[in-house]
Amino acid sequence: MKNDKMKNQYRVNEQIRVREVRIVSDGESTVMPTRYALDMAREQGVDLVEISPNAQPPVCRLIDYSKFLYQQKKHAKEMKAKQAKVEVKEIRFGPQTDEHDYNFKLKHAQEFLNEGNKVRAYVFFRGRSILFKEQGEVLLLRFANDLEEYAKVEQLPKLDGKKMFLYLAPKKAGVVKKSQQKVDREKREAEARAPKENVEAADAVPANGGLLANAKVSPEALKALKGEE
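This structure is a prediction, so every number in the text was calculated from the model and none was measured. (Residues numbered from 1 in each chain as written. Predicted model: local features only at pLDDT ≥ 70, side-chain atom pairs only at ≥ 80, totals over all residues. Heavy atoms only, no water.)

Asker: Explain the overall build of the chain to me, using residue names and the numbers behind them.
Answerer: Within the chain, the regular secondary structure consists of seven helices and eight strands. Burial status across the chain gives 32% buried among its 229 residues. Put simply, 59% of the contacts in the chain that link residues at least 6 apart link residues at least 24 apart. Carbon and sulfur atoms provide 48% of the accessible area of the chain, an area that totals close to 15600 Å². (Helix = DSSP H or I, 4+ residues; strand = E, 2+ residues; numbered from the N terminus. Buried < 20%, exposed > 50% of the residue type's maximum accessible area, 1.4 Å probe, protein only. Contact = heavy atoms within 4.5 Å. Areas by Shrake-Rupley, 256 points an atom, 1.4 Å probe, with all protein chains shown as cover.)

Okay, here's the thing in C-alpha coordinates:
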(Lines give C-alpha, C1' and ligand atoms only; values in the text may rest on other atoms or scores of the structure.)
Protein backbone atom coordinates (compact mmCIF):
# COMPACT_ATOMS: atom_id res chain seq x y z
CA MET A 1 0.00 0.00 0.00
CA LYS A 2 2.79 2.42 0.93
CA ASN A 3 4.73 1.64 -2.26
CA ASP A 4 1.60 2.20 -4.36
CA LYS A 5 1.05 5.54 -2.65
CA MET A 6 4.62 6.64 -3.39
CA LYS A 7 4.31 5.53 -7.02
CA ASN A 8 1.23 7.68 -7.48
CA GLN A 9 3.16 10.75 -6.35
CA TYR A 10 5.13 10.93 -9.58
CA ARG A 11 4.27 10.95 -13.27
CA VAL A 12 6.43 8.72 -15.43
CA ASN A 13 7.11 8.52 -19.18
CA GLU A 14 3.87 8.89 -21.20
CA GLN A 15 2.04 10.16 -18.10
CA ILE A 16 3.98 13.40 -18.54
CA ARG A 17 1.90 15.39 -21.03
CA VAL A 18 3.36 18.89 -20.88
CA ARG A 19 4.97 20.37 -23.98
CA GLU A 20 8.47 20.68 -22.57
CA VAL A 21 10.45 19.67 -19.48
CA ARG A 22 13.67 20.57 -17.72
CA ILE A 23 16.06 17.63 -17.46
CA VAL A 24 18.47 17.78 -14.50
CA SER A 25 21.57 15.61 -14.25
CA ASP A 26 24.91 16.02 -12.44
CA GLY A 27 24.22 19.63 -11.50
CA GLU A 28 23.24 20.62 -15.04
CA SER A 29 19.81 21.27 -16.50
CA THR A 30 18.46 21.43 -20.03
CA VAL A 31 15.02 22.46 -21.27
CA MET A 32 13.74 20.36 -24.15
CA PRO A 33 10.49 19.16 -25.71
CA THR A 34 8.99 16.27 -23.76
CA ARG A 35 9.04 13.97 -26.77
CA TYR A 36 12.83 14.40 -27.06
CA ALA A 37 13.24 13.63 -23.36
CA LEU A 38 11.18 10.46 -23.81
CA ASP A 39 13.40 9.42 -26.73
CA MET A 40 16.52 9.96 -24.58
CA ALA A 41 15.03 7.83 -21.81
CA ARG A 42 14.31 4.98 -24.22
CA GLU A 43 17.81 5.16 -25.70
CA GLN A 44 19.39 4.97 -22.24
CA GLY A 45 17.05 2.21 -21.05
CA VAL A 46 15.68 4.32 -18.18
CA ASP A 47 12.52 6.26 -17.34
CA LEU A 48 11.54 9.90 -17.57
CA VAL A 49 10.44 10.78 -14.02
CA GLU A 50 8.75 14.08 -13.15
CA ILE A 51 10.16 15.16 -9.77
CA SER A 52 8.93 18.77 -9.60
CA PRO A 53 5.58 19.18 -11.42
CA ASN A 54 4.93 22.75 -10.26
CA ALA A 55 8.12 24.19 -11.75
CA GLN A 56 8.00 26.03 -15.08
CA PRO A 57 8.69 23.89 -17.00
CA PRO A 58 8.33 20.74 -14.82
CA VAL A 59 11.63 19.23 -13.69
CA CYS A 60 12.37 15.63 -14.66
CA ARG A 61 15.16 13.10 -14.29
CA LEU A 62 16.32 10.28 -16.50
CA ILE A 63 16.55 7.36 -14.07
CA ASP A 64 15.32 3.84 -13.49
CA TYR A 65 11.98 4.37 -11.78
CA SER A 66 12.39 1.44 -9.38
CA LYS A 67 15.80 2.79 -8.34
CA PHE A 68 14.30 6.25 -7.92
CA LEU A 69 11.55 4.94 -5.60
CA TYR A 70 14.13 3.01 -3.59
CA GLN A 71 16.23 6.16 -3.13
CA GLN A 72 13.18 8.16 -2.04
CA LYS A 73 12.16 5.50 0.47
CA LYS A 74 15.71 5.29 1.85
CA HIS A 75 15.93 9.07 2.20
CA ALA A 76 12.59 9.23 4.02
CA LYS A 77 13.74 6.51 6.41
CA GLU A 78 16.99 8.35 7.15
CA MET A 79 15.17 11.61 7.82
CA LYS A 80 12.81 9.87 10.22
CA ALA A 81 15.73 8.29 12.07
CA LYS A 82 17.40 11.70 12.48
CA GLN A 83 14.38 13.21 14.14
CA ALA A 84 15.12 13.48 17.84
CA LYS A 85 12.65 11.69 20.06
CA VAL A 86 11.41 14.23 22.57
CA GLU A 87 10.87 12.76 26.01
CA VAL A 88 9.11 14.25 29.00
CA LYS A 89 11.26 14.12 32.12
CA GLU A 90 9.67 14.43 35.53
CA ILE A 91 10.97 16.43 38.47
CA ARG A 92 9.20 15.90 41.79
CA PHE A 93 9.15 18.29 44.71
CA GLY A 94 7.60 18.40 48.12
CA PRO A 95 5.95 21.66 49.24
CA GLN A 96 8.88 22.30 51.62
CA THR A 97 11.83 21.16 49.51
CA ASP A 98 15.13 22.31 51.04
CA GLU A 99 17.69 24.42 49.15
CA HIS A 100 20.15 21.58 48.53
CA ASP A 101 17.50 19.30 47.04
CA TYR A 102 16.09 22.18 44.98
CA ASN A 103 19.48 23.00 43.43
CA PHE A 104 20.12 19.31 42.74
CA LYS A 105 16.85 19.01 40.82
CA LEU A 106 17.40 22.33 39.09
CA LYS A 107 20.69 21.03 37.70
CA HIS A 108 19.01 17.87 36.41
CA ALA A 109 16.28 19.92 34.75
CA GLN A 110 18.92 22.01 32.96
CA GLU A 111 20.54 18.83 31.66
CA PHE A 112 17.19 17.45 30.45
CA LEU A 113 16.37 20.68 28.62
CA ASN A 114 19.83 20.92 27.04
CA GLU A 115 19.27 17.41 25.67
CA GLY A 116 16.09 18.62 24.00
CA ASN A 117 13.65 16.99 26.41
CA LYS A 118 10.59 18.56 27.98
CA VAL A 119 10.26 18.82 31.75
CA ARG A 120 7.17 18.21 33.85
CA ALA A 121 7.84 19.48 37.35
CA TYR A 122 5.28 18.89 40.06
CA VAL A 123 4.73 19.33 43.76
CA PHE A 124 3.06 16.43 45.57
CA PHE A 125 0.92 17.38 48.55
CA ARG A 126 0.51 14.79 51.28
CA GLY A 127 -2.48 14.91 53.59
CA ARG A 128 -3.18 18.34 55.04
CA SER A 129 -0.21 19.90 53.21
CA ILE A 130 -2.68 20.68 50.42
CA LEU A 131 -3.79 23.61 52.61
CA PHE A 132 -0.45 25.25 51.80
CA LYS A 133 -0.67 24.92 48.04
CA GLU A 134 0.61 28.49 47.62
CA GLN A 135 4.00 27.23 48.79
CA GLY A 136 4.00 24.73 45.95
CA GLU A 137 3.01 27.39 43.45
CA VAL A 138 5.82 29.67 44.64
CA LEU A 139 8.29 26.80 44.34
CA LEU A 140 7.28 25.99 40.77
CA LEU A 141 7.28 29.64 39.72
CA ARG A 142 10.77 30.01 41.12
CA PHE A 143 11.75 26.86 39.22
CA ALA A 144 10.43 28.36 35.97
CA ASN A 145 12.31 31.60 36.68
CA ASP A 146 15.59 29.82 37.30
CA LEU A 147 15.23 27.89 34.04
CA GLU A 148 14.23 30.86 31.88
CA GLU A 149 17.47 30.72 29.89
CA TYR A 150 16.87 27.07 29.04
CA ALA A 151 13.11 26.71 28.72
CA LYS A 152 9.81 28.28 27.84
CA VAL A 153 6.71 27.69 29.92
CA GLU A 154 4.08 25.52 28.24
CA GLN A 155 1.76 25.49 31.26
CA LEU A 156 1.96 27.54 34.43
CA PRO A 157 1.48 25.78 37.79
CA LYS A 158 -1.91 24.08 37.87
CA LEU A 159 -3.35 21.91 40.62
CA ASP A 160 -4.61 18.48 39.58
CA GLY A 161 -5.74 16.41 42.52
CA LYS A 162 -2.87 16.21 45.01
CA LYS A 163 -0.30 17.37 42.47
CA MET A 164 0.51 20.80 41.05
CA PHE A 165 2.13 20.62 37.62
CA LEU A 166 4.41 22.94 35.66
CA TYR A 167 5.30 22.12 32.05
CA LEU A 168 8.49 23.39 30.41
CA ALA A 169 9.80 22.96 26.86
CA PRO A 170 13.40 23.52 25.73
CA LYS A 171 14.29 26.70 23.92
CA LYS A 172 15.82 26.34 20.49
CA ALA A 173 19.57 26.45 20.32
CA GLY A 174 20.99 29.88 19.64
CA VAL A 175 18.14 31.87 21.19
CA VAL A 176 19.37 31.83 24.78
CA LYS A 177 19.88 35.31 26.09
CA LYS A 178 20.29 36.91 29.50
CA SER A 179 16.93 38.08 30.79
CA GLN A 180 16.20 41.10 32.93
CA GLN A 181 15.38 38.66 35.67
CA LYS A 182 18.86 37.11 35.36
CA VAL A 183 20.50 40.54 35.45
CA ASP A 184 18.59 41.44 38.60
CA ARG A 185 19.51 38.18 40.27
CA GLU A 186 23.21 38.52 39.48
CA LYS A 187 23.16 42.05 40.87
CA ARG A 188 21.65 40.86 44.12
CA GLU A 189 24.14 38.00 44.39
CA ALA A 190 27.02 40.42 43.90
CA GLU A 191 25.63 42.63 46.64
CA ALA A 192 25.21 39.62 48.90
CA ARG A 193 28.92 38.84 48.67
CA ALA A 194 29.61 42.27 50.24
CA PRO A 195 28.34 40.47 52.41
CA LYS A 196 24.58 40.58 52.84
CA GLU A 197 22.68 37.68 54.28
CA ASN A 198 19.20 36.28 53.86
CA VAL A 199 18.82 37.21 50.19
CA GLU A 200 16.07 34.92 49.00
CA ALA A 201 16.54 33.22 45.62
CA ALA A 202 12.79 33.51 45.13
CA ASP A 203 13.18 37.30 45.02
CA ALA A 204 13.76 36.97 41.32
CA VAL A 205 10.75 38.52 39.60
CA PRO A 206 11.36 42.03 38.28
CA ALA A 207 8.71 44.69 38.80
CA ASN A 208 8.21 44.82 35.06
CA GLY A 209 9.21 42.45 32.28
CA GLY A 210 10.51 38.94 32.83
CA LEU A 211 9.03 35.51 32.35
CA LEU A 212 6.02 35.98 34.62
CA ALA A 213 5.16 39.60 33.81
CA ASN A 214 1.85 38.65 32.20
CA ALA A 215 1.33 35.31 33.91
CA LYS A 216 -1.98 34.58 35.59
CA VAL A 217 -0.78 33.40 38.98
CA SER A 218 -2.38 33.82 42.37
CA PRO A 219 -1.69 37.14 44.15
CA GLU A 220 -0.45 35.26 47.21
CA ALA A 221 2.09 33.28 45.22
CA LEU A 222 3.30 36.28 43.26
CA LYS A 223 3.64 38.32 46.45
CA ALA A 224 5.64 35.56 48.10
CA LEU A 225 7.82 35.14 45.02
CA LYS A 226 8.68 38.84 45.07
CA GLY A 227 9.62 38.59 48.73
CA GLU A 228 7.06 41.13 49.88
CA GLU A 229 5.92 41.19 53.49
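Let us keep going from here.
Asker: Which residues make up the side chain of Thr-97, and what values go with them?
Answerer: Position of Thr-97 among the secondary structure elements: in the loop between strand E5 (88-93) and helix H4 (99-114). A distance of 2.8 Å separates a polar side-chain atom of Thr-97 from the backbone oxygen of Gly-94. When sequence neighbours within four positions are dropped, the list of residues in contact with Thr-97 reads Tyr-102 and Leu-139. (Polar contact = N/O pair within 3.5 Å; in protein donor to acceptor, adjacent residues only side chain to side chain.)

Asker: How would you summarise the packing of H4 against helix H5 (residues 133-146) if you had to cite specific residues and measurements?
Answerer: The geometry of a pair of packed helices is captured by two quantities: the angle between their axes and the separation between those axes. As a packed pair, H4 and H5 sit with axes 11 Å apart at the nearest point and diverge in direction by 45°. The angle between H4 and H5 places the two elements in the oblique class. H4 and H5 meet at a crossing whose hand is right-handed. Together, Glu-99, Tyr-102, Lys-105, Leu-106, Ala-109 and Gln-110 of H4 and Leu-139, Arg-142, Phe-143 and Asp-146 of H5 make up the contact between the two elements. (Axes fitted to C-alpha atoms, helices over the stretch in contact; angles between N-to-C directions. Parallel < 35°, antiparallel > 145°, perpendicular 65-115°, else oblique. Left-handed = near helix turned anticlockwise from the far one by under 90°.)

Asker: Got a sec to walk through the packing of aromatic side chains? Specific residues and values, please.
Answerer: Counted under the stated rule, the structure contains seven aromatic pairs. Here Tyr-10 and Phe-68 contribute two aromatic rings whose centre-to-centre distance is 4.9 Å and whose plane-to-plane angle is 85°, an arrangement assigned as edge-to-face. Remark: Phe-68 occurs in helix H3 (residues 65-82) and Tyr-10 occurs in the loop between helix H1 (2-7) and strand E1 (20-25); sequence separation between them is 58 residues. Judged by relative accessible area, Tyr-10 falls into the buried class, the value being 14%. By relative accessible area, which is 3% here, Phe-68 ends up buried. On the numbers, 6.1 Å between centres and 75° between planes, the contact of Tyr-102 with Phe-143 is edge-to-face. Placement of the pair is Tyr-102 in helix H4 and Phe-143 in helix H5, with a sequence separation of 41 residues. A connected cluster of aromatic rings, assembled from ring pairs, spans Tyr-10, Tyr-65 and Phe-68. (Phe/Tyr/Trp six-rings, centres within 6.5 Å; stacked < 30°, edge-to-face > 60°.)

Asker: Before we move on, could you go through the sheet that holds strand E3 (residues 47-52) and cite the residues and values that matter?
Answerer: Across the sheet, which stays open at both edges, the four strands sit in the order E2-E1-E4-E3 with mixed pairing between neighbours. A strand with exactly one partner marks an edge of an open sheet, and here the two such strands are strand E2 (28-33) and E3. Here the average twist between neighbouring strands, direction ignored, is 40°. Bridge analysis of E3 against strand E4 (residues 59-63) gives five bridges, and the strand direction is antiparallel. Residue pairing across strands places Glu-50 opposite Cys-60, the latter belonging to E4. (Pairing = 2+ DSSP bridges.)

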